[in-house]
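A closer look at the structure
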Amino acid sequence: MTPDAEIALPGGNVGGAVRVGDTVRRPTGPWTPAVHELLDFLAAAGVERVPRVLGIDDRGREILTFLPGHVLAIGTEQPSAAQTRSAMRWLRAFHTAVAGFPRQSRRWRFVERALEPGEIVCHHDTAIYNLAFDGDELAGVFDWDVAGPGVPLDDVAMYAWNSALLHPEADAAEMVDGLRTIADGYGSIGAGDLLDHVPVRIVAATDRIAAGQRAGDPGMLRLGEIGEPASTLARLARLSARIPELHARMAPGSP
Ligand SMILES: Nc1ncnc2c1ncn2[C@@H]1O[C@H](COP(=O)(O)OP(=O)(O)O)[C@@H](O)[C@H]1O
Ligand SMILES: [Mg+2]
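Residues numbered from 1 in each chain as written. Chains lettered and ligands numbered in written order. Predicted model: local features only at pLDDT ≥ 70, side-chain atom pairs only at ≥ 80, totals over all residues. Heavy atoms only, no water.

**Remarks on the coordination of the magnesium ion (ligand 2)**
Rules: Ligating atoms shown are N, O and S within 2.8 Å of the metal, or 3.2 Å for Na, K and Ca, and water is not included, meaning a site may look less than complete. Numbering goes from the N terminus for both helices and strands, where a helix is a DSSP run of H or I of at least four residues and a strand is a run of E of at least two. Each residue gets one of three labels from its accessible area relative to the maximum for its type: buried under 20%, exposed over 50%, partly exposed in between, using a 1.4 Å probe on protein chains only.
The coordination sphere of the magnesium ion (ligand 2), as far as protein atoms go, consists of Asn130 (OD1) and Asp143 (OD), spread over 2.2 Å. With a gap of 13 residues between them, Asn130 in the loop between β8 (120–122) and β9 (131–134) and Asp143 in the loop between β10 (137–141) and β11 (148–150) connect regions that are remote in the sequence. For Asn130, a relative accessible area of 5% gives the class buried.

As structure tokens, this is what we get:
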């Protein structure tokens, strides 16, 4: 029998994921045991739209189930409000379930430590390039490699940052609308608190990329080839300059 062909799965700048039949093969690292424990935990907890771990192949790559769905084309396609609400509903359910994950130390990609009070295991890259949709509904959440300790707002802020609504030159009214859709979709968080958390989360990400580059992490070095983390920090500076204006628009009584 001829083995299934390997089909490159583009989209990521870090990985090198390929599709083989109904599976995905991805490179592994010292963090893979913790990520597989997490994915197995989510499977047992009944969290859907998450790849299931099938094992390690003869080339040392992880074998995950392939999740069908449409991945939005970066730069040309934006999630609809309904897609954002579906993604945020899933994120809330994931956070609720993952709160039961064992809290002792694990070797995650960027840290090796236990969860601190108030922390959960976050996905940490819940951005549109790691999500697939079936119509308005979220169908899949990929790329669990950078999962690790965080606070729930970290994942919500990551989604907000990576949607065009937080493009530094976007229209302020649309930015506020978009933040409210995300915050309301997740539930029990305010759009203003979400906005304030975006710089916190993005600086943490750029710090981690820089530290990974200093440590010679090949994935982080590939990000360096496309100008990271400098380009993200430059965009963040432009966004940060607009945060007071956005807060003013969110204030009660503003038009
Ligand atoms: N389990 C999966 N099911 C379906 N598609 C996947 C799966 N894992 C990855 N992909 C696709 O491959 C792309 C790249 O994989 P990803 O896991 O995000 O790795 P990276 O971003 O590190 O390259 C994703 O954007 C998605 O389109
Ligand atoms: Mg990816």
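Here the narrative resumes, following the displayed structure.
**Here we look at unusual backbone geometry**
For the bond running from Glu228 to Pro229, omega is 5°, close enough to zero to count as cis. Within the secondary structure, Pro229 sits in the loop between α6 (218–225) and α7 (230–240). With a phi angle near 65°, Asp143 is a residue other than glycine that sits in the positive phi range. Its identity is not glycine, yet Ser188 carries a phi of approximately 55°, on the positive side. Within the secondary structure, Ser188 is located in the loop between α4 (172–186) and α5 (191–214). For Ser188, a relative accessible area of 70% puts it in the exposed group.

**Quick look at the domain arrangement of the chain**
How big an interface is tends to be stated in terms of accessible area lost as the parts join. Rules: Domain ranges listed in this record stem from an automatic or a database domain assignment. Here, two residues are considered to be in contact whenever any of their heavy atoms come within 4.5 Å of each other. Take the accessible area each of two parts loses on contact, using a 1.4 Å probe, and add the two losses: that sum is the buried area. What makes a salt bridge here is a side-chain nitrogen of Lys or Arg within 4 Å of a carboxyl oxygen of Asp or Glu, nothing more. Pairs of N or O atoms within 3.5 Å make up the polar contacts considered here, provided that, within protein, one atom can donate a hydrogen while the other can accept it, and that residues adjacent in sequence are counted only when both atoms are side-chain atoms.
Partitioning the chain into structural domains gives domain 1 (7–65) and domain 2 (81–250). For domain 1 and domain 2, the distance between their C-alpha centroids amounts to 21 Å. Taken together, the contacts link 20 residues of domain 1 with 26 residues of domain 2. Buried surface at the junction of domain 1 and domain 2, both sides included, amounts to about 2100 Å², of which 64% is carbon and sulfur. On inspection of domain 1 and its partner domain 2, the count reaches three salt bridges. Remark: the boundary between domain 1 and domain 2 carries seven residue pairs in polar contact (both at pLDDT 80 or more).

**Side note on the packing of helix α2 (residues 81–98) against α4**
Note the following rule: Every angle, taken between N-to-C directions, lies between 0 and 180 degrees, and every axis is a line fitted to C-alpha atoms, over only the stretch in contact when it is a helix. Should an angle fall under 35 degrees it is called roughly parallel, over 145 degrees roughly antiparallel, and 65 to 115 degrees roughly perpendicular, with every other angle called oblique. Helix crossings get a hand from a simple test, with the near helix turned counterclockwise from the far one by less than a right angle marking a left-handed crossing and a clockwise turn marking a right-handed one. In the scheme used here, Gly and all other residues not listed as nonpolar or charged are polar, with Ala, Val, Leu, Ile, Met, Phe, Trp, Tyr, Cys and Pro taken as nonpolar and Asp, Glu, Lys and Arg as charged.
Running from N to C, α2 and α4 cross one another at 40°; their axes reach a closest spacing of 7 Å. One way to sum up the angle between α2 and α4 is to call them oblique. Of the two possible hands of crossing, α2 and α4 adopt the one that is right-handed. Judged by residue contacts, Ala81, Thr84, Arg85, Met88, Arg89, Leu91, Arg92 and His95 of α2 engage Thr181, Ile182, Gly185 and Tyr186 from α4. Its residues assigned to classes, the contact of α2 with α4 comprises five nonpolar, four polar and three charged.

**Things to note about the pairing of strand β4 (residues 53–56)**
For a regular strand, side chains alternate in direction, first toward one face of the sheet and then toward the other. Definition in use: Whether two strands pair depends on DSSP finding at least two bridges between them.
Pairing between β4 and strand β5 (residues 62–65): three bridges, direction antiparallel. Along β5, the bridge assignment pairs Val53 with Leu64. Count of turn residues in the β4/β5 antiparallel hairpin: five residues, of which Gly60 carries a positive phi of about 80°.

**Here we look at the pattern of salt bridges**
Applying the stated criterion to the full structure yields 15 salt bridges. For Asp57, the salt bridge goes to Arg25, with nearest N and O atoms at 3.1 Å. Note that Asp57 is positioned in the loop between β4 and β5 and Arg25 in strand β3 (residues 23–26), a separation of 32 residues in sequence. By the burial criterion, Asp57 is buried, and Arg25 matches it. One salt bridge in this structure joins Arg89 and Glu137, with 3.8 Å as the shortest N-O distance. In this pair, Arg89 is assigned in helix α2 and Glu137 in strand β10, connecting sequence segments 48 residues apart. A relative accessible area of 45% places Arg89 in the partly exposed class. On the basis of relative accessible area, Glu137 is assigned to the partly exposed category, the value being 38%.

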